[in-house]
Amino acid sequence: MKKNKIVLFLLIAMFVLSGCTAKSVVNVDAYGKVSEIVTVKGVADDISYDDEIVDKAIESSLSKYKAVLDFRGYSREKILDDKFAGAKLNKSYKNICSYFQDTAFNQYVFKHISCTETDDYYEIQNDTSYIPYCRDCSDWPSLDDVSLTINLPVAALENNADEVKNNSYIWRFDQYTSINKSFYLKIDKSALAKREKKENVKNNIISGSKLIGIIIFSVALLIVIINFTIKMYKKYKENKIEY
């Protein structure tokens, strides 16, 4: 937990910005594999320093915590443009529970979120209370805008997301969020298995189509080569007779 706090503090405190945001996008593929993209940035319009100074500050902060980020397995890149400065981090996981267990960034608003895996379900919920926004608190960062988006390959069995778009589930947190807010997501493993089976069938069809295409192309090419060879041979015979 201490290392998680360090990484989060790093990304929030590494630049003098207003309007800090933290956005996590978690993509779960048809095979249950998870990719995490975390973007932490702030509005840079009011920064009095030039881009080079801000760029060096971000690079220095990232380098300072390189060991922690590397230990956690995050790849990283800087964000620096006319409006925003910050960092984007990426990491992959074997499944949704390993994401909630190993990510350094699900402690924005809850100190801990549990993920329980049974033979039938993944059940994910906060087991600590919501951490309310506190602008002047020194032991936890104050974020103006936090969002967690989980993109699933199937519909969730149950959820309490603030917004649902197809199979995308979005939770939002800011300074006005109720202290009673909770997090809950339940995923049917049999639905995931069916989705994986469909994906396998699809990939097999695609692979088969590619193979058939290669065979057809090869046969067509062979016919062209044979016809060309016969044609050239006939010309050779005709020229030989004339000679």
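Right above here is the structure, for reference.
Residues numbered from 1 in each chain as written. Predicted model: local features only at pLDDT ≥ 70, side-chain atom pairs only at ≥ 80, totals over all residues. Heavy atoms only, no water.

**Regarding the overall build of the protein chain**
For the protein chain, the count of helices and strands is five helices and 11 strands. For the protein chain, the residues scored as buried account for 38% of the 243 residues in total. When contacts within the protein chain are restricted to residue pairs at least 6 apart in sequence, those whose partners lie at least 24 apart make up 63%. (Helix = DSSP H or I, 4+ residues; strand = E, 2+ residues; numbered from the N terminus. Buried < 20%, exposed > 50% of the residue type's maximum accessible area, 1.4 Å probe, protein only. Contact = heavy atoms within 4.5 Å.)

**Remarks on the side chain of E36**
Along the polypeptide, E36 turns up in strand β2 (residues 34-43). Buried within the structure, E36 lacks any salt-bridge partner; its nearest side chain of opposite charge belongs to K91, at an N-O separation of 6.1 Å. In this structure the side chain of E36 is engaged in a polar contact, spanning 3.0 Å, whose partner is the side chain of Y74. Engagement of the side chain of E36 in a polar contact is seen with the side chain of T103, the distance being 2.6 Å. (Lys, Arg positive; Asp, Glu negative; His and termini not counted. Salt bridge = Lys/Arg side-chain N within 4 Å of Asp/Glu carboxyl O. Polar contact = N/O pair within 3.5 Å; in protein donor to acceptor, adjacent residues only side chain to side chain.)

**A word on the pattern of salt bridges**
Enumeration over the complete set of coordinates arrives at five salt bridges. A salt bridge links K189 to E117; the shortest N-O distance between them is 2.7 Å. With K189 in helix α5 (residues 189-242) and E117 in strand β5 (residues 113-117), this pair connects stretches of sequence that are 72 residues apart. Here D162 makes a salt bridge to K181, at a shortest N to O gap of 2.6 Å. One end of the pair, D162, is in the loop between β8 (158-159) and β9 (163-165); the other, K181, is in the loop between β10 (168-173) and β11 (184-188), with 19 residues separating them in the sequence.

**Examining the sheet that holds β8**
Within the open sheet, the four strands sit side by side as β5-β6-β11-β8. Their pairing is antiparallel. Each edge of the open sheet carries a strand with a single partner, namely β5 and β8. With two bridges connecting them, β8 and β11 associate as antiparallel partners. Bridge pairing links E158 to K186 in β11. (Pairing = 2+ DSSP bridges.)

**A closer look at the side chain of K181**
We classify K181 as buried; its relative accessible area is 16%. Looking at K181, its side chain comes within polar contact range of the side chain of D162, at 2.6 Å. A distance of 2.5 Å separates a polar side-chain atom of K181 from the backbone oxygen of R172. K181 has contacts with F110, Y130, D162, R172 and F173, leaving out every residue within four places of it along the chain.

**Overview of the nonpolar core**
Core analysis: the largest hydrophobic core is formed by 38 residues, its most contacted members being I96, F100, I124, I150, F183 and L185. Here this core takes four residues from helix α4 (residues 96-102), the largest share from any one element. (Core = buried A, V, L, I, M, F, W, Y, C linked by side-chain atoms within 4.5 Å.)

**Things to note about the state of the cysteines**
Taken as a whole and assessed by the stated rule, the structure comprises one disulfide. Disulfide pairing places C97 opposite C115 at an S-S distance of 2.0 Å. Taking the sign of the torsion about the S-S bond as the criterion, the disulfide between C97 and C115, at about -75°, is left-handed. Of this pair, C97 sits in helix α4 while C115 sits in strand β5, and the two are 18 residues apart along the sequence. (Disulfide = S-S within 2.5 Å.)

**What to know about the pairing of β11**
In terms of burial, β11 is a largely internal element, five of the five residues being buried. The pairing of strand β6 (residues 121-126) with β11 spans five bridges and is classified as antiparallel. Residue pairing for β11: Y121 is matched across the bridge by D188.

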